[in-house]
Amino acid sequence: MSEGRLRVATLVTALLGVCVAAYLTYVHYAGLQPFCAGGGHGCERVQSSSYASLGGIPVAVLGLAGYVAIAIALIVPGERARLIAAALAVSGFGFSAYLTYLELFVIHAICQWCVASAILLTLIAVLAVWRLLLDDDRRPDPGAKEP
Amino acid sequence: MSSREEQKAQARAERAARERAQAQLEQRRKRLLQLGSVVGVAVIVVVVLVLVSQSSKPDPNASSGVTVAGVSESRAMLRGVAQNGSSLGDKNAPLVLTEFADLQCPFCRDYALDVLPQIIQRYVRPGRLRLELRLQRFIGPDSDVAARAAQAAASRDRMWNFVDLMYRNQGQENSGYITDSYLSRIATAAGVPAKLVLDGSTSASMAKPLIAAQAEAQTAGVTSTPSFVIGRKAGQGKLLNLASLDIGAFAAAIDPELKR
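Residues numbered from 1 in each chain as written. Chains lettered and ligands numbered in written order. Predicted model: local features only at pLDDT ≥ 70, side-chain atom pairs only at ≥ 80, totals over all residues. Heavy atoms only, no water.

Participant: Explain the environment of G42(A) here, please?
Facilitator: All names here are of chain A. Mapped onto the fold, G42 is located in helix α2 (residues 42-47). A relative accessible area of 15% places G42 in the buried class. Put simply, G42 and Q112 are 70 residues apart on the chain and 7.7 Å apart in space, counted from C-alpha to C-alpha. Sequence-distant contacts of G42, defined by excluding residues within four places in its chain, comprise C36, A109, I110 and C111. (Helix = DSSP H or I, 4+ residues; strand = E, 2+ residues; numbered from the N terminus. Buried < 20%, exposed > 50% of the residue type's maximum accessible area, 1.4 Å probe, protein only. Contact = heavy atoms within 4.5 Å.)

So, in C-alpha cells, the structure goes:
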C-alpha cells in the first residue's frame, strides 16, 4: 500500500475514534448513560467506575485528546509528524490494552464503546507503524529531508 | 565493445549494486531505530498513565497510610450535585431512595463504590431521584464515632463527600482504624474543617439525628445494612428486597416507581 493510502486509512480510523471519544465525553458531562446495545449495564458500570478518570480527568476526555492529536499528526506532512503519529498511536494502543485488562479482570464489566475504541486504536497503531516502516520509494517524495 | 570497456561497465554495475544494498541497509537500520524510539516512548507514556491510574484507585487498606485514596474520583462523582444535610440531589425530585448504612460495613462500601456512581449518573443528576442517608451503628463503637463525624460533615452539606471517602478508605471492621488522625484526613479531603468533624465525632448533639435514623430503620423493618427504602418522602415508603447489589436490581425497583 502506498504512503498516501495508508495515511488516509489511518486518518479515517482516527476520525472514527474521535467520534467514539466525543460521544463518551458528551454523555459524561451531560450526566447521561451511554447507549449499550442489548440493554446491558456494562458501559454504565465502566464509565462510572473509579477507573473512568485519571487524576481527575475523565478517560473519555483523554481519549478524545489522543485521537485529535493523532489526526493532527497525520495531517501534518513530514518525517517528524509520521514519528509522532506512530508514537501516539502505539501509546494509545498500550493504554487501551491496560483499560481492557481493567474491564475484564478488575471492574468485571465490558463497555462496548471502550471495546470499539480499543479495536480502532489497534488498527491505528498497526497502520501508523506500517507507514513508519515504509521504504523510501513508496513515500511521496523520497528525496525530501526534514528541515 | 572491447573487453576493457565491458570490465569497466561491470565494475560500475557492481559498485551501483553495492551502493544500493548499502543504502537499503542504512534505510532499514534507520527505520528500526525509529520503531525502537516509538516503542520506547510508548512504553514510558503507558507506564506513567498506569501509575497515575493505580495511584488513584480505591485501596481498602489505605486507612493505615497518610494519604486519602479516591479523592479525585469522589469529587468527580459528586461534582455539581446538590447536597443538603443528609440528602443528595434535587429537593423536588419525584422519588426518594433512603439508604440505611453503617460506615464500617463492607457491603455498604461495595454498594457505594460499584452501584452508587451509576445511580447518581442515571437518576440523581437528571433530577429523577433524591438520595437520603440514614447512618446506623450496628457494627461497633467505631460506627458510632464515624456516624457522628459524618453528621458533622452534614452540617456543612458535605456528608456525601465525607461518607464516600470513608468507604474508599475503609479498614477492617472494629480494627480501630477510625482514629482522630484518620477522621481529620478524610474531613480535609472532603472539604470539611477537621476540627468540626473531630468535635462532632464525640458530640452528643450529633447523636440526635442518629437516634432518629435508628427509629426510622426500625419503622421500615431494616435488619441489615445496606438497606433501602423507596418512596415519595425521605425515610418512608417500601423496603426494597434486592436480589443483588447491582444497578440492574436497583433499576428494576426504581423505574416502575418513576412511571407511577
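Participant: Hey, could you run me through the side chain of D142(B) in this one?
Facilitator: Residues and elements named next belong to chain B. Mapped onto the elements of the fold, D142 is located in helix α4 (residues 141-154). For the buried D142, no salt bridge exists, and the shortest N-O distance to an oppositely charged side chain is 11 Å, to R148. Contacts of D142, omitting those with residues within four sequence positions, involve Q104, G176, Y177 and I178. (Lys, Arg positive; Asp, Glu negative; His and termini not counted. Salt bridge = Lys/Arg side-chain N within 4 Å of Asp/Glu carboxyl O.)

Participant: Please explain the nonpolar core as it appears in this structure.
Facilitator: Nonpolar side chains tend to gather and get buried jointly when the protein is soluble and globular. Residue and element names in this part refer to chain B. In terms of nonpolar packing, the biggest core is built from 56 residues, with L97, I119, I120, L131 and F162 touching the most fellow members. When residues in this core are grouped by element, the largest group, nine residues, is from helix α3 (residues 106-124). With sequence-adjacent residues up to four places away left out, F162 is seen in contact with A146, A149, A150, A153, L183, I186, A187, A190 and V197. (Core = buried A, V, L, I, M, F, W, Y, C linked by side-chain atoms within 4.5 Å.)

Participant: Which parts of the structure should I look at to understand the confidence of the model for chain B?
Facilitator: The predicted coordinates of low-pLDDT regions are not to be read in fine detail. All names here are of chain B. Overall, the prediction assigns chain B a mean pLDDT of 89, with 95% of residues at 70 or greater. Across residues 58-65, confidence stays below pLDDT 50; counting only partners more than four residues off in sequence or on other chains, it has 20 contacts. Interface scoring of the predicted complex returns ipTM 0.84; its pTM is 0.55. (pLDDT = per-residue confidence, 0-100.)

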